[in-house]
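# Report on the structure
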Amino acid sequence: MTDNPEVENPDTTEPTPSAGPAEPAATQPTPSVTDTEPTAVPPAFAASAQAPASAPAKRSTPVGLVAALAVGALVGGVSGAGVATWAITSNVNLHSTAASAPGPSTITVNDAADATRITAIAASAGPSVVTVSVQGGSSAGTGSGVILTEDGYILTNTHVVTLDGETAHPTISVQSYDGHLYTAKLVGTDPITDLAVIKIQGTFQPLQFADSSKLNVGDDTVAIGAPLGLSNTVTNGIVSALNRSITVSSSAAPKEGTSPTPNDNGGSGPFNFWEFPGQGGSQDQQPQSAAQQANIFLPVIQTDAAINPGNSGGALLDLDGKVIGINVAIAGTGNSTGGQSGSIGVGFAIPSNLAKRIAFDIINGGAATHGLLGATVMDVTGDSAITTKTVVGASVQSVTDGGAAAKAGIRKGDVITGFNGLPITGSTDLTAQVRAAEAGSHATVTYVRNGQSTTVNVVLGELK
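Residues numbered from 1 in each chain as written. Predicted model: local features only at pLDDT ≥ 70, side-chain atom pairs only at ≥ 80, totals over all residues. Heavy atoms only, no water.

## A word on the overall build of the chain
Helix and strand content of the chain: 5 helices and 27 strands. In the chain, which comprises 464 residues, the proportion classed as buried is 58%. Within the chain, counting contacts between residues at least 6 apart in sequence, those at least 24 apart form 74% of the total. Carbon together with sulfur atoms contributes 50% to the accessible area of the chain, which is approximately 16900 Å² in total. (Helix = DSSP H or I, 4+ residues; strand = E, 2+ residues; numbered from the N terminus. Buried < 20%, exposed > 50% of the residue type's maximum accessible area, 1.4 Å probe, protein only. Contact = heavy atoms within 4.5 Å. Areas by Shrake-Rupley, 256 points an atom, 1.4 Å probe, with all protein chains shown as cover.)

Below, the structure written as structure tokens:
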């Protein structure tokens, strides 16, 4: 690709350093990726709703991501609205397991005098986390959602409301913490960040959002959602890492008159993670529109709080009970033979600052914007043109005339090592951070040229 995502195509022999477990291509050289468009977003976990459906997904490398959305088939179609799994093995069969909907439940406190901080958070935040059930055609699935406003706006994942890209016209219902059911309207989606907003009628208790830029590794975390359809499930852990970047399949809804393609793998199941960036190694393709992206690139918080299918769209909280992230995906070993991959202690959440911006852009204007750097990049580790590799980063393959990078003086051969003060270890990192930024916003880019490090100011373009 050329002027779309500042993303890399994972090296065929070694994964991008800090972009999380990417799935390298087995035999082809690492292709370069451009600053044009993100590729795909994986669903978060959802719980299956009806008859079990087989969903084998094959991987060609030893690492992958799984969305936290559990899905079941109503008639025969299989939907992938669930948690995207960063698959860690190849040729793995994944099956979505149907589960009967549990009855309503609330946080139980038998001994208030001996309650913990986690108990208090669960009791106060629990009423603001809902279970989202989606049906489209012959498929159905469940995920989670976070109440944003008193008048019923709810934030969840795109892959939840589109059933992993299966439907553009979902039927959505919401179950509150106390078992009440509501019919929901889809307000809008942002497939680039795998976020969506839905609306129910009534008066509700919204959650407050914390400043995710102030998080520290080691901070305590609490996850609330509906893994496997089990509403009001609470788990806890810590922030395991910050400024991670992951690549997942896009769950954009199919256009009218077309069949779903982003996650379609010939009927083999919902969890298909395409090695889309740079297929064939071409660096001079025409720019793609955001809607044409097969994969997306997400900046995420990593946590060891247990997240499973059905947790997608649910809340990751701090010890003040404020949202620090929206759960979106988990890493998996890919060795599951009888169901969806479950938690192995490596989960991912979209940072609250990004989630809040996207959510209110959708509510107030119907759509969110995303930055564009105007450069084609690839991992330094996979760039054969760099014979002596001394630093990790995103190697610039080309720049777009008149684009943000060109205007800032960035040239082919430069190695980008920082963006807005955050370390960049490869093309996935760079693309994720640029996409998270608002179009037209100012940013700093640090690059190395001839052994010298330089930081420049850029005004980002807009990803169309």
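## With respect to the pairing of strand S9 (residues 139-147)
With 9 of its 9 residues buried, S9 lies for the most part within the structure. Side chains Ser139, Gly141, Gly143, Gly145 and Ile147 project from S9 onto one buried face, and the interleaved Ala140, Thr142, Ser144 and Val146 project onto a second face that is buried too. Where strand S8 (residues 129-136) lies against S9, 8 bridges are found, and the strand directions are antiparallel. Looking across to S9, one finds that Val130 is bridged to Gly145. Here S8 folds back onto S9 in antiparallel fashion, the turn holding 2 residues, of which Gly137 has a positive phi close to 65°. The turn joining S9 and strand S10 (residues 153-156), which pair antiparallel and follow one another in sequence, is formed by 5 residues; a positive phi near 100° is taken by Gly152. (Pairing = 2+ DSSP bridges.)

## Some points on the environment of Ile224
Within the secondary structure, Ile224 sits in strand S14 (residues 220-225). Residues Ile224 and Ser144, 80 residues apart in the sequence, show an inter-C-alpha distance of 8.6 Å.

## A closer look at unusual backbone geometry
Phi angles above zero are rare outside glycine, and Asn420 is one such case at about 50°. For Asn420, the position within the fold is in the loop between strand S23 (415-419) and strand S24 (422-423). With a phi angle near 55°, Asn450 is a residue other than glycine that sits in the positive phi range. Relative to the helices and strands, Asn450 resides in the loop between strand S25 (442-449) and strand S26 (452-459).

## Topic: the environment of Ala123
By the element assignment, Ala123 lies in helix H1 (residues 117-125). Considered as a pair, Ala123 and Gly321 are 198 residues apart in the sequence and their alpha carbons are 9.6 Å apart.

## Digging into the pairing of strand S22 (residues 394-399)
It is a general feature of regular strands that their side chains alternate between the two faces of the sheet. Pairing analysis gives 5 bridges linking strand S21 (residues 375-379) to S22, with the strands arranged antiparallel. Residue Val377 lies in a different strand from S22, and its bridge partner there is Val396. By the bridge criterion, 2 bridges tie S22 to S23 in an arrangement that is antiparallel. Bridge assignment links Ser395 to a residue of S23, and that residue is Val415.

## Some words on the packing of aromatic side chains
Within this structure, the stated rule accounts for 1 aromatic pair. Sitting over the face of the ring of Tyr153, Lys199 holds its NZ or CZ atom 5.3 Å from the ring centroid. (Phe/Tyr/Trp six-rings, centres within 6.5 Å; stacked < 30°, edge-to-face > 60°. Lys NZ or Arg CZ within 6 Å of the ring centre and 35° of its normal.)

## Here we look at the pattern of salt bridges
Within the structure shown, the criterion is met by 4 salt bridges. The salt bridge partner of Asp414 is Arg449, with a shortest N-O separation of 2.7 Å. Of this pair, Asp414 sits in the loop between helix H4 (404-407) and S23 while Arg449 sits in strand S25, and the two are 35 residues apart along the sequence. Taking the relative accessible area as the measure of exposure, Asp414 reaches 1% and is therefore buried. A salt bridge links Glu462 to Lys464; its shortest N-O distance comes to 3.4 Å. (Salt bridge = Lys/Arg side-chain N within 4 Å of Asp/Glu carboxyl O.)

## Quick look at the nonpolar core
Side chains of nonpolar character tend, in soluble globular proteins, to be buried together. Of all hydrophobic cores here, the largest spans 35 residues; its most connected members are Leu155, Leu207, Leu317 and Val323. Of all the elements, helix H3 (residues 352-365) adds the most residues to this core, at 6 residues. Setting aside anything within four residues of it in sequence, one finds Leu207 in contact with Ala125, Ser128, Val129, Val146, Ile147, Ala315, Leu317, Gly321 and Val323. The next biggest cluster of nonpolar side chains, apart from the first, holds 21 residues, and it includes Ala375, Ala405, Ile424 and Leu460. (Core = buried A, V, L, I, M, F, W, Y, C linked by side-chain atoms within 4.5 Å.)

## Observations concerning H1
Two residues of an α-helix separated by three or four positions point the same way, owing to the 3.6 residues in each turn. Here H1 has its buried residues at Ile121, Ala122 and Ala125. Looking straight down H1, one finds its buried side chains confined to an arc of 100°; they lie on one side. Where H1 is buried, its residues touch S8, S14, strand S15 (233-249) and strand S17 (315-317). Among the residues of H1, the N-terminal cap falls to Thr116, whose side-chain oxygen and the backbone nitrogen of Ile118 are separated by 3.3 Å. (Arc of directions from axis to C-beta. Polar contact = N/O pair within 3.5 Å; in protein donor to acceptor, adjacent residues only side chain to side chain.)

## Section: the confidence of the model for the chain
Model confidence for the chain is summarised by a mean pLDDT of 76, while 67% of its residues fall at 70 or above. Here residues 70-104 is a poorly scored stretch, pLDDT under 50, and it has 209 contacts once near neighbours within four places are set aside; other chains count. Taken as a whole, residues 261-288 scores under 50 in pLDDT and shows 100 contacts with residues more than four places along the chain or in a different chain. (pLDDT = per-residue confidence, 0-100.)

## Comments concerning the environment of Thr183
Along the chain, the position of Thr183 falls in strand S12 (residues 181-190). Here the alpha-carbon distance between Thr183 and Ser133, two residues 50 residues apart in the chain, equals 9.8 Å. Setting aside residues up to four positions removed in sequence, Thr183 forms contacts with Ile172, Lys199 and Ile200.

## Focus: the side chain of Asp318
Mapped onto the elements of the fold, Asp318 is located in the loop between S17 and strand S18 (323-332). The buried charged residue Asp318 lacks any salt bridge, with Lys322 as its nearest oppositely charged partner at 6.4 Å. A distance of 2.9 Å separates a polar side-chain atom of Asp318 from the backbone nitrogen of Asp320. Separated by 2.9 Å, the side chain of Asp318 and the backbone nitrogen of Lys322 make a polar contact. (Lys, Arg positive; Asp, Glu negative; His and termini not counted.)

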